Amino acid sequence: MVDGSVIASNLLLFFGLVWQGVLGVIRFGRAERFCLLRAVYFALHFIQPSPMNRSFLALLIVASWTSCGMSHHAPATAQRPMKELASARLYVTAENTAKRLSEDGVLEFESADQPLETEVAIFVNPAKKFQTYLGIGGAITDASAEVFSLMSESQQQALLDAYYGPDGIGYNIIRTSIHSCDFGLGSHTYIEEGDTSLATFSIAPDTVKRIPMIQRAADMIGEDLVFYASPWSPPAFMKTNQNMLRGGSLLPEFFGAWAQYFVKFIEAYEAEGLPVWGVTIQNEPMATQRWESCIYTAEEERDFLKFHLGPAMAKAGYGDKNIVVWDHNRDLITHRANTIFEDSLAASYAWGTGFHWYETWTGGSPKYDNLKLIQESYPDKKLLFTEGCQEGFDNQHYERWSNAERYGNSMIHDFNSGTVGWTDWNILLDERGGPNHVQNFCFAPIHGDTQTDELILTPTYHYIGHFSKFIKPGARRVSTSASRSTLESTTFENPSGELVTVVMNRTDNAMAYALVVGDKEVHVDILPHAMQTLVY
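Reference entry: report on the structure contained in this document. Because the structure is a prediction, the values reported are computed rather than measured.

### Things to note about the environment of Ile340
Consideration 1: Relative to the assigned elements, Ile340 resides in helix α10 (residues 333-341).
Consideration 2: When the C-alpha positions of Ile340 and Glu300 are compared, they lie 9.7 Å apart, and in sequence the two are 40 residues distant.
Consideration 3: Not counting residues within four places of it along the chain, the set of residues in contact with Ile340 comprises Ala298, Glu301, Arg302, Leu305, Val325, Ala346 and Ala347.

### Description of the packing of aromatic side chains
Consideration 1: Here the structure, examined in full by the defined rule, presents 36 aromatic pairs.
Consideration 2: Measuring from ring centre to ring centre gives 5.1 Å for Phe201 and Tyr261, while their planes differ by 80 degrees; the resulting arrangement is edge-to-face. Of this pair, Phe201 sits in the loop between β6 (173-178) and α6 (204-208) while Tyr261 sits in helix α8 (residues 255-271), and the two are 60 residues apart along the sequence.
Consideration 3: A residue is classified by how much of its surface remains accessible, and Phe201, at 17% relative accessible area, is buried.
Consideration 4: A residue is classified by how much of its surface remains accessible, and Tyr261, at 0% relative accessible area, is buried.
Consideration 5: Of the aromatic side chains, those joined through ring pairs into one cluster are Tyr190, Phe201, Phe227, Phe255, Trp258, Tyr261, Phe262, Phe265, Tyr269, Tyr296 and Phe304.

### Quick notes on empty space enclosed by the protein
Consideration 1: Here the structure, examined in full by the defined rule, presents one cavity of 30 Å³ or more.
Consideration 2: Together, Gln390, Tyr398, Arg400, Asn403, Tyr407, Phe443, Ala444, Pro445, Thr458, Pro459 and Thr460 line the largest cavity.
Consideration 3: Counting residues per element, the ones that place at least two in the lining of the largest cavity are α13 (401-416) and α14 (459-468).
Consideration 4: A class-by-class count of the residues in the lining of the largest cavity yields six nonpolar, four polar and one charged.

The rules we used
Residues numbered from 1 in each chain as written. Predicted model: local features only at pLDDT ≥ 70, side-chain atom pairs only at ≥ 80, totals over all residues. Heavy atoms only, no water. Helix = DSSP H or I, 4+ residues; strand = E, 2+ residues; numbered from the N terminus. Contact = heavy atoms within 4.5 Å. Phe/Tyr/Trp six-rings, centres within 6.5 Å; stacked < 30°, edge-to-face > 60°. Buried < 20%, exposed > 50% of the residue type's maximum accessible area, 1.4 Å probe, protein only. 1 Å grid on protein atoms, 1.4 Å probe; cavity = no way out; pocket = protein on both sides within 12 Å on 5 of 7 lines; lining within 4 Å. Points joined across faces, edges and corners; volume = space filled by probe spheres on them. Nonpolar A, V, L, I, M, F, W, Y, C, P; charged D, E, K, R; others polar.

Interpretation note: all reported values are geometric properties and have no functional meaning in isolation.
Following this line, the structure appears as structure tokens:
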């Protein structure tokens with residue numbers, strides 16, 4: 001007499017094997033090949049299965065049948081097809097040549113070959129996109145406005161055109177100071193000393209030269225304007241050292257009044273037709289300087305933000321303004337971010353973290369990895385470069401190429417670390433690297449010689465332009481890597497779909513490389529100490 005359970009298990013095995021075989025043959029993807037191999041394996045056992053494992057094999061077939069059937073219905077991930085690449089326009093700035101943001105030909109894409117270890121390549125993957133680009137710009141300080149006022153009208157317009165005009169380099173970010181900083185003729189505030197109620201608040205000092213210059217720039221930028229402000233120091237009476245200069249800290253009894261000072265600044269500047277995008281809490285809050293400065297520990301900045309500045313701005317109707325924390329170097333930036341962003345109330349008022357590049361004063365290298373760590377830890381908080389300049393001005397070295405390369409290196413690696421916007425320091429200084437009321441002179445991308453009425457465009461101006469002229473607000477950074485450390489590169493995809501790749505060579509040697517984008521490549525030669533932008 002035949003056991004009914006044996007018949008049932010045999011039938012189940014038979015139909016399971018048939019189903020898996022059909023799936024394997026018809027669909028034959030990787031998962032289906034596994035189903036087919038599994039069917040063969042079970043068939044070998046089906047020839048002479050032992051009585052003890054026949055039922056167990058039947059259960060395995062059911063599980064296998066189910067899994068294969070489920071894989072049959074798994075949806076495929078849709079990939080947007082990459083646009084067809086035909087050619088790339090090349091722009092070049094190079095040392096010891098006349099090339100300054102010069103169009104240098106059109107290069108044709110061709111089918112890409114497997115790169116070799118002996119070849120140099122830059123790889124771009126447009127399918128992998130990261131942060132959205134906010135823009136690039138610089139600060140209009142009292143010093144910039146003073147130099148601007150001493151230039152002829154034609155040179156004033158030439159300066160504005162160089163930065164903001166249709167043939168300029170496309171700046172759209174403007175930073176300024178809340179009352180004075182070191183770059184100006186002297187210290188000032190917007191109130192009379194000792195006015196705790198802020199009854200005498202007035203931005204009248206700024207309306208003479210600074211605001212008119214900002215207004216002209218803002219009008220040229222238009223709707224892409226990002227205008228923000230930073231304080232260097234509260235008024236002297238609000239501080240522990242009773243001095244705007246040389247550090248000191250904000251006295252706790254003036255936290256509320258100082259928060260209202262920010263509110264009044266926004267009200268006053270917007271009354272002048274300048275929409276304020278946001279503020280930073282304090283310029284360089286861990287630096288005691290011989291100029292305007294103020295110290296905040298991480299906990300003090302956190303508490304000022306969450307108990308005073310954030311609520312004050314929200315109550316005034318400025319909850320949509322962006323508050324940027326830190327505004328200092330990359331070295332201590334993670335500690336500041338951790339302290340503020342791990343506090344949910346403080347974090348709710350903070351847009352992101354601002355940073356400078358001066359951590360190298362201690363002798364180390366730029367700490368780009370700290371930016372990446374913050375981006376990984378707090379992906380909803382943005383990174384904004386808020387200041388950088390080349391210190392130690394010398395009017396015999398306007399053409400010093402290493403100044404420009406410092407900018408190129410920082411911009412490429414800051415963007416590749418998740419930074420959304422990049423703000424240079426003064427957009428214009430004079431032939432002495434000032435004016436600066438404590439003689440802290442430095443370089444700017446453009447200098448105005450007030451004796452000769454000449455504008456001097458440095459290599460730094462052109463290196464910045466390799467980014468700002470071609471990358472548009474709203475662009476997305478795209479995965480980019482180089483096969484050699486001798487080339488540095490980043491790529492953005494503009495809202496139009498146009499790709500912009502920036503490549504820098506800081507070595508003494510020319511080199512050839514392949515720009516590989518998907519299954520296409522274009523062959524490029526780059527000069528020593530050169531910057532390139534490829535638009536395609």
